[in-house]
Number of protein chains: 2
Amino acid sequence: MSANTGAAAQAQAQIQVNAPPLLDLTIDNITPNTVRINSQSGDARLTYLMSRLVTHLHDFARETRLSTDEWMAAIEFLIGCGKICSDVRNEFILLSDVLGLSLLVDNINHPKPPGSTEGSVLGPFHTHDAPELPNGATMTSDPEGEAMLAICTVRDTQGRPVPGVKVDIWETDSSGRYDVQHADRDAPSERCVMVTDAEGRFWFRGIKPVSYPIPNDGPVGKLLARLNRHCWRPAHVHFMFEKEGWDHLVTALYIRGDPYETSDAVFGVKQSLIVDLEKVDKETAAKYGVEEGIWLLKYDFVLTTKEETENLRDQLASEALQKLGLRLKLVDHLPVPDLD
Amino acid sequence: MSANTGAAAQAQAQIQVNAPPLLDLTIDNITPNTVRINSQSGDARLTYLMSRLVTHLHDFARETRLSTDEWMAAIEFLIGCGKICSDVRNEFILLSDVLGLSLLVDNINHPKPPGSTEGSVLGPFHTHDAPELPNGATMTSDPEGEAMLAICTVRDTQGRPVPGVKVDIWETDSSGRYDVQHADRDAPSERCVMVTDAEGRFWFRGIKPVSYPIPNDGPVGKLLARLNRHCWRPAHVHFMFEKEGWDHLVTALYIRGDPYETSDAVFGVKQSLIVDLEKVDKETAAKYGVEEGIWLLKYDFVLTTKEETENLRDQLASEALQKLGLRLKLVDHLPVPDLD
């Protein structure tokens, strides 16, 4: 490790030598002083984020009178989360998920006007190596799974089909594991990318999803166990929709009647996303070239435009911040203190 | 990675199947629902910590309307911190230090009655392999450093010497690096453990400390750069005092006149810990077997008993929580909600 003792660091040091003194900091004055020293970047958004972060962090310690042992346990917990992260595992997203933060951030950023498809949590298992498959393709290589045909459409809020949408789809295999959870994974499985056709349709053959535990052999799993929380997610298939000019939609469809339907470990279930599976009838089987009697998932997704979402997000942000009594303005759709 | 699909997980899952439904969670109801699901451990302190943590985390996201990109940048930052941690580097302690949290937690846990020695931040460079050296020993192997004799005493608040105190001492070498920052470190250097003698004294030969940058080649260094903050600490020597029945004291002595005296990157400096170095006179040189004219650091540390500190901590905690309007009681010296 190289310590920076060179000229650059010396020059940087000059920045603050004339700053007001940071001396004799106490429980009562550490927060304004830390906020002040963090407010010199000239980036109003960064200044605001750091100010709220430091204030909440310090208030947390003051309200709990956080003990040195608890502080050290938190440090060790964070190190443990970092150490278990890999190209195919993100323990910090999992932590954000089980603390409800992921759901909250998604709701803030992707508000949905009535009639549009609601979002759900991304989770830590999306990858960027899924193969692009043509409509009708099979996206699973699991012989144990119960075959399921999915027939979906993508429309706008006026009911018009949206063609050319990139749709990312991923689910677990029948054992409840994503492909990346298998040590011997050599190629993507139970995941694919499709593109909606001229009528906004996409269809594929997968397997009926199963409930599964989120990875519980790491620090987040241990935390859930200490909290006496279960680590299960109800059966679902993930979907992510992308097209220029349209709001990025991350969502999932949940199968009605799952035992974890109302206790999802990561808070992702919405009633509008719970579906009843049907069975493929003779006519459908013939039309799509699948066996009669396999599971059938049908869903009509409704996307919003980027503009619709941005306008709604700005409106909701302004209303919420006013309700919180915060004097802020939106710059690039994000709040910063309004000093005018 | 092994997913837990066994009987234990199934049994654990039963815990919550009858819990109130977690469905259709929104910006407005996610917080009470997350707090509720985290409140089933039967451990009142853990329940309280999680409740405040989740509330602050969610409030932070709501007040800032945290964007998905910012959320992902935070996830990546935390992963980066975890990845750079090693046996000899703790980036999360460094992060806690530069955010003022370490100073705050130390002040909460180790309040000092008037006349006792104040604490300072532990920092990330304390190790557990320092050699125990006899009084008068040399704790440095750096030929470039300016020689310094330190003569110290340890007393109680009534002025009585405290013998048999274990004193951990560590400082950088003359280049501003701790031994653990050298890739080729094969043995501890510029660090030792001493024990106070019957008169509460300890003395050793080290080097005059120098200002140094905290490790700035990792995520925390990059954060400081973005915040336009310098990464320097004023010259100091770390001390840690331990003896059964006495409050654990983590502190440091700072050399007066350092350019970073009032802008310490980790907020550690207190006026009572700033010392004027003297020069060793002829008599002292003869008495301690060192050269006349080398630097002389003299300091009288004052420890408090565990009981004194606990009483003061409880008193300050009760006062502070009352002032915050929180209805809490102390159990094992730590606040939990008072539900009686």
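Source: prediction; values computed, not measured.

**A look at the packing of aromatic side chains**
Evaluated as defined, the whole model comprises 26 aromatic pairs over all chains. Ring geometry for F202 of chain A against F301 of chain A: centres 6.2 Å apart, planes inclined by 20°, an arrangement best described as stacked. Taken together, the residues F202 of chain A in strand β4 (residues 201-207) and F301 of chain A in strand β11 (residues 295-302) connect sequence positions 99 residues apart. Taken individually, F202 of chain A and F301 of chain A each receive the classification buried, so the pair is uniform in this respect. In textbook terms, an aromatic cluster arises when at least three aromatic residues are bridged by ring pairs, as seen for F202, F204, F239, F241, Y299 and F301 of chain A. Here the guanidinium or amino end of K208 of chain A rests over the ring plane of W295 of chain A, the centre of that ring lying 4.5 Å away. Across the ring face of W295 of chain B, the terminal group of K279 of chain B is positioned such that the distance to the ring centre comes to 4.1 Å.

**Some details on the sheet that holds strand β2 (residues 166-170) of chain B**
Pairing within the open sheet is mixed, and its 5 strands lie in the order β3-β2-β7-β8-β9 (chain B). The sheet terminates laterally at β3 (191-195) and β9 (274-275) of chain B, the two strands that pair on one side only.

**A look at the packing of helix α3 (residues 44-64) of chain A against helix α6 (residues 101-109) of chain B**
α6 of chain B packs onto α3 of chain A with a crossing angle of 15° between their chain directions and a minimal axis gap of 10 Å. Taken together, the axis directions place α3 of chain A and α6 of chain B in an arrangement best described as roughly parallel. Taken as a pair, α3 of chain A and α6 of chain B cross one another with a handedness that is right-handed. Residues L57, H58, A61 and R62 of chain A of α3 of chain A pack against L101, L104 and I108 of chain B of α6 of chain B. Looking at the contact of α3 of chain A with α6 of chain B residue by residue, the classes come out as 5 nonpolar, 1 polar and 1 charged.

**Focus on the environment of P337 of chain B**
All names here are of chain B. With respect to the helices and strands, P337 occurs in strand β13 (residues 334-337). Separated by 292 residues in sequence, P337 and R45 place their C-alpha atoms 8.3 Å apart. Leaving out residues up to four positions away in the same chain, P337 has contacts with A44, Y48, R327, L328 and K329.

**Details of the UniProt feature "domain: Catechol dioxygenase N-terminal" (unreviewed entry) in chain A**
This chain's UniProt record puts "domain: Catechol dioxygenase N-terminal" (unreviewed entry) on residues 43-116 of chain A. Across residues 43-116 of chain A, helical content stands at 74% and strand content at 0%; the span's end C-alpha atoms are separated by 35 Å.

**Here's the deal with the UniProt feature "domain: Intradiol ring-cleavage dioxygenases" (unreviewed entry) in chain A**
The UniProt record marks residues 123-303 of chain A with the feature "domain: Intradiol ring-cleavage dioxygenases" (unreviewed entry), using the residue numbering of this structure. Annotated as 8% helix and 31% strand, the span residues 123-303 of chain A places its first and last C-alpha atoms 20 Å apart.

**Overview of the environment of G218 of chain B**
Residue and element names in this part refer to chain B. Topologically, G218 is positioned in the loop between β5 (212-213) and α7 (219-226). Sequence separation between G218 and I84 is 134 residues; the distance between their C-alpha atoms is 7.0 Å. Excluding residues that lie within four positions of it along the chain, G218 makes contacts with I84, R89 and E91.

Each value, and the rule that gives it
- Residues numbered from 1 in each chain as written.
- Chains lettered and ligands numbered in written order.
- Predicted model: local features only at pLDDT ≥ 70, side-chain atom pairs only at ≥ 80, totals over all residues.
- Heavy atoms only, no water.
- Phe/Tyr/Trp six-rings, centres within 6.5 Å; stacked < 30°, edge-to-face > 60°.
- Helix = DSSP H or I, 4+ residues; strand = E, 2+ residues; numbered from the N terminus.
- Buried < 20%, exposed > 50% of the residue type's maximum accessible area, 1.4 Å probe, protein only.
- Lys NZ or Arg CZ within 6 Å of the ring centre and 35° of its normal.
- Pairing = 2+ DSSP bridges.
- Axes fitted to C-alpha atoms, helices over the stretch in contact; angles between N-to-C directions.
- Parallel < 35°, antiparallel > 145°, perpendicular 65-115°, else oblique.
- Left-handed = near helix turned anticlockwise from the far one by under 90°.
- Contact = heavy atoms within 4.5 Å.
- Nonpolar A, V, L, I, M, F, W, Y, C, P; charged D, E, K, R; others polar.
- UniProt positions renumbered as here; feature names shortened; annotations may be inferred.

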